[in-house]
Structures are given as C-alpha cells and as structure tokens.
Amino acid sequence: MNTLNDPVATASSAPPVAVGAPLIHIRGVHKSFGDNHVLKGFDMDLFPQENLVIIGKSGSGKSVLIKCLVGLEYPDEGVVEILGKNLLKLSQIELDELRTEVGFLFQGSALYDSMTVRENLQFPLRRHPNRILPEGEETMILRTLESVGLAHTVNMKPSELSGGMKRRIALARTLILQPKIILYDEPTSGLDPITAKEIIQLILRIQAEQQTASIIITHDLDCARVIANRVIILVEGINYAEGTYQQLTSNRDPKVQAFFK
Amino acid sequence: MARIFGCTKTTFTLANHPYTYLPPGLRNFLTEVGHIAAFAGNFFRHVFYPPFEFRELLHQCYEVGNRSFVLVSLTGFIMGLVLSLQIRPTMIEFGAVSYMPSMIGIAIVREIGPVLTALICAGKIGSGMGAELGSMRVTEQIDAMEVSGTNPFKFLVVTRILATTLMLPLLVLMSDTISLAGSFLVEHFKGEVSFTLYFTEVFNSLAFSDLVPATTKSFFFGFVIALVGCYKGYTSDQGTAGVGRAANTAVVIASILVFLVDFWAVLVADIFYDL
C-alpha cells in the first residue's frame, strides 16, 4: 500500500493548526555571507502543532534560516523569537536551555560516530538531567528507540546502520529531550523513495503523538504535500509565497509554478 | 554580533585600519595567530567553570597515552641506541668514554627526550585531533552537540587539551627511561658497563635543574600540540579536503611551536638555573 496516497495518513488528516501565540516569530531577518545576501527580510510565524514546510532552490538560504532558529547562525538584523524569547538577547546558559525545547534533525543525521546508539541518546540526557523522566534514563532510551522502530540497534555503532536507520536514530536523539518544536533539515534527502515515505510517516506519527510543531526544509514535493499544513516558498531571500500546498499549486505566479512543474 | 568558538564576540570593521595595508601573507599569519590566541583564551575561560567533563577527560587521557605509548617507546629506545653508537667512537678518540652515561643522560633528559616525544606526539596526537574534530565539524556532529544544549568546546576541546597537557610529561618520562635503557644496552655490550654503574653515573650527573625545566616544558609542549590540533579541526573548512588540510597543518604548526617553546624554555631555565 502506498501510504502517501492514503488520505488518512496525509496532511489533510494532520491536526488543524491551532490558533494562538506563535511558537516561533521571525520578522525582517537579514543574513549575508560576504557579498552574498542570502536572507533579505524574511518573515515567518510557526503556530502550535503546525507543520510548516519551507521550499526553495538550492542556495536560497533555507538551511541558513533554520540554523538562525537555534543559534548556529546569527542574523545580521531582524527579530527571532522562540517560545517568546528573543534569541539574540539570550545568554549562553539561556540559549542552551532554550535549545532543549527545539529539536533539530540534520540532513546528514550527524550521529556521533564514536558512540553507540545508546550513548548517542544518553548524550543530551546526561547534560540535561532535569529532562530525565521518573521512569529512568534506560527506559526512556529504549522507549524512544521503540517509537522509531529501532530498539534492537541500541548497542550498535552508527557505522553499522543504513542511511534510513541513521535518520531514525537521529530523530530519536532529537525526541529524547521532548522538544516542543522540531526542525527538520531535508529529512528525506539521500534516501530511497520507500525509506523516504517511511520517514515521512514517522514524522507525521510523532507529530500527532507528541503534539509538536515542526518546520520542515525540503526539496521533496511529495514530502511537502503529505506533511504540510502550510508551505512557504523562499525565493531571493524572502517568503515569496505562502499558503496550503493546494493553494500554491494553483497559484499562477511563474516563480511559484516553477516549483510544481 | 557573532559567536566565535562558543563565546560571543562583537564584530567590527577593519576598513582603513593600518592592518589592511599589510601584505596578505603577513595579514593572514597575524589573523591566524590572533584566532589561535582567542581559541587558547576560550580554553582558559572554560576550563575552570562547571560543568566538568571528567568522564571524557579520563577517556581522552587514556586515548592520548594509549595512542602514543608504543610509538614513543619505540622511537625513544632507538634514539638511545643510535645516540650511544654515534657518540661512542668520538668519546673514545678523546679518551672520555667514561663520561658516556653522564653525557647521554643529560642530553636525553634535558633535550632529546622531551623534544622527540613532543614531535612524535605532534604527528600522532595533533594530526589525530585535527582529523577527528575536522570530520566532526564537516558531518555536523559539533553542530548537533550545540543544538542539544551542550557546549561542544568544553566537551571536545577542553578535555583534549587538558588530557594532552597532563599526559605528555608522563610520556616524556617514559621515553627518557626507555632511551636510557637503549643507551645502556650499547654501553653494556660495547663497553662492558654494568647496569648499576651505568645508572649510578646517569643519576649522579643529573640535577634538579635538569628535571624541572624539562618536565615543565613538556606540559607546554602538550598544551600547544593539542591546542593547534583542536583549533585546526574545530575550525576546519567544509569538505573532506578541509579535514586533510586541518590534520596536515596541525602537525606543521605544532612542530614549529614545539621548537619555539623549547627555545623559550631554555632561555627561561637559563635565568633560573644558570645552565
């Protein structure tokens, strides 16, 4: 069964976007690297339980944008508020505390290759012991691995895992701190279509179970169609177009249409 | 505002600054020196403040010691053999062969042991750290640590620099001992010198002023080797070529710094101990 075509498992069944204070509020973000002006006044809000997909050409600044949301990059100007806190005015301790509320799934998984899967999941927990639930660290690790269907890999090293398994373990490592927001940087890139579909379904299931809000950076239109409550098209450093997937596919603007041809 | 090496720095423009009129090569060199100094400053900023990564520090101590033990022992032993074999004919010619243990002992403890061990470690540990951290940077593992609310500088850099600074003097002492053992074998088989006589002569010729500067400079050797290795890896450019470059330049710069530190250590030791 092609689960992507299953209406039960697509964005149409995803929780409706909750109205309320945005979890992420971005206004007028500019970012340059030398003469390369990547972001030119980007605006965006992310609402609770929303799946927001950002699409754009390679080099359009999508990854730079989500790196600005976790302090891996800093905008040259603009406002970045995460959970009501201005990211640019936080001390290092406050920033580290905020980062536990924002999970980040890297494009290449970024598993610590000198550690086993268990140690990969232990790593953030041991540095934030206030996040360990009464059930205990080991139970949390196994339960999180079960939620991504890979409990049997607990003693394996990343080098023993396939690309899809690495992506799931990276997601488990992100989930173990129970973040309120998850940022996905091209979650399906480099995966075969079947594994990509599995990852998409996993993202949807986790979003439904844990009531997280997500920003997904992707080139994969199938992924965008299935996951998105809302899509932003990033062109020339600004949010050029915004709407549901269906609204954007019917948009007549040539720059928007270029993404869906 | 930007964050450099995990700490907040205010960026400023250098337009029309005299610095911009320097030749590009010199400007790049000074910039690199400035970055390494900032990196070292950040090490001292982090090393005294919690959380302390004791488990990782012990792991790194084991890695540094274990990774270099065989190589340092082997090169030390061969150096002891070769030194004795090379010097012995000249000493016989001058009728001073009885001074062999004293001379070899002083040469190894004061200079050859520390510098040789440091150079071996620069090649082994410095390049290893440059490649390992460079690879972690390229595969976004360092970023992953950062976004999980962990300080990667403290976990990866502080532990490695501290471990190498602590372990290098131990490796030097071990290398000195094995070098002297190698030298003793030559003396024993060529000059029929007994173990007791050889080492009595060695220890009689050594003074406090030989051991203290040599051990002290070993701490500095360890510090600069790990500092440069970690700096090059941590700030590695994107891509696998950057990792290779990081490992390579880490060895070159660390080796040069070892000799510079050695020169200054000898000058300072001369002031305090009148060498």
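Residues numbered from 1 in each chain as written. Chains lettered and ligands numbered in written order. Predicted model: local features only at pLDDT ≥ 70, side-chain atom pairs only at ≥ 80, totals over all residues. Heavy atoms only, no water.

Let's shift gears to the interface of chain A and chain B. Facing 28 residues of chain A, the contacting portion of chain B comprises 17 residues. Our enumeration of links across chain A and chain B arrives at three salt bridges. With a closest N to O distance of 2.9 Å, Glu 53 of chain B and Arg 127 of chain A form a salt bridge. Counting the contacts that link chain A with chain B gives seven residue pairs in polar contact (both at pLDDT 80 or more). Residues of the side of chain A that touches chain B, tallied by class, amount to 16 nonpolar, five polar and seven charged. (Contact = heavy atoms within 4.5 Å. Salt bridge = Lys/Arg side-chain N within 4 Å of Asp/Glu carboxyl O. Polar contact = N/O pair within 3.5 Å; in protein donor to acceptor, adjacent residues only side chain to side chain. Nonpolar A, V, L, I, M, F, W, Y, C, P; charged D, E, K, R; others polar.)

Residue and element names in this part refer to chain A. Per the domain assignment, the segments making up chain A are domain 1 (3-101 + 180-260) and domain 2 (110-178). The C-alpha centroid of domain 2 is placed 24 Å from the C-alpha centroid of domain 1. The interface of domain 1 with domain 2 comprises 19 residues on the first partner and 14 residues on the second. Both sides together, the interface formed by domain 1 and domain 2 hides about 1,300 Å², and carbon and sulfur atoms give 57% of it. At the boundary of domain 1 and domain 2, one finds two salt bridges. Residue Arg 168 is joined to Glu 198 by a salt bridge in which the shortest nitrogen-to-oxygen separation is 3.5 Å. If you look at where domain 1 meets domain 2, you find seven residue pairs in polar contact (both at pLDDT 80 or more). (Domains from an automatic or database assignment. Buried area = accessible area lost by both parts, 1.4 Å probe.)

This part is about the packing of aromatic side chains. For any pair of aromatic rings, geometry is given as the distance between the ring centres together with the angle between the planes. If you walk through the whole model with that rule in mind, you get 19 aromatic pairs over all chains. Put simply, the rings of Phe 184, Phe 195, Tyr 198, Phe 199 and Phe 203 of chain B touch in pairs and so form one group of aromatic residues. Across from the ring centre of Tyr 112 of chain A, 4.4 Å away, lies the NZ or CZ of Arg 173 of chain A, which sits over that ring. The ring of Tyr 234 of chain B is capped by Arg 137 of chain B, whose NZ or CZ atom sits 4.8 Å from the centre of that ring. (Phe/Tyr/Trp six-rings, centres within 6.5 Å; stacked < 30°, edge-to-face > 60°. Lys NZ or Arg CZ within 6 Å of the ring centre and 35° of its normal.)

Residue and element names in this part refer to chain A. A large share of strand β8 (residues 213-217) lies buried, amounting to five of its five residues. Where strand β7 (residues 181-185) and β8 come together, five bridges link them in parallel fashion. If you follow Asp 185 over to β8, its bridge partner there is Ile 217. Handedness of the crossover joining β7 and β8 through helix α6 (residues 193-210): right-handed. (Buried < 20%, exposed > 50% of the residue type's maximum accessible area, 1.4 Å probe, protein only. Helix = DSSP H or I, 4+ residues; strand = E, 2+ residues; numbered from the N terminus. Pairing = 2+ DSSP bridges. Right-handed = clockwise from strand over helix to strand, strands pointing away.)

What follows is about the nonpolar core. Membership of the largest hydrophobic core comes to 86 residues, with the highest contact counts inside it found for Ile 24, Met 44, Leu 69, Ile 82, Leu 183 and Ile 215 of chain A. Considering each element in turn, this core owes the most residues, eleven residues, to helix α5 (residues 152-191) of chain B. Here this core spans two domains, and each of domain 1 (3-101 + 180-260) and domain 2 (110-178) of chain A adds at least three residues to it. In this structure Leu 69 of chain A touches Ile 24, Ile 26, Met 44, Val 80, Ile 82, Leu 87, Leu 183 and Ile 215 of chain A, once residues within four positions along its chain are discounted. Of all hydrophobic cores here, the second largest spans 46 residues; its members include Val 154, Ile 182, Ala 196 and Leu 248 of chain A. (Core = buried A, V, L, I, M, F, W, Y, C linked by side-chain atoms within 4.5 Å.)

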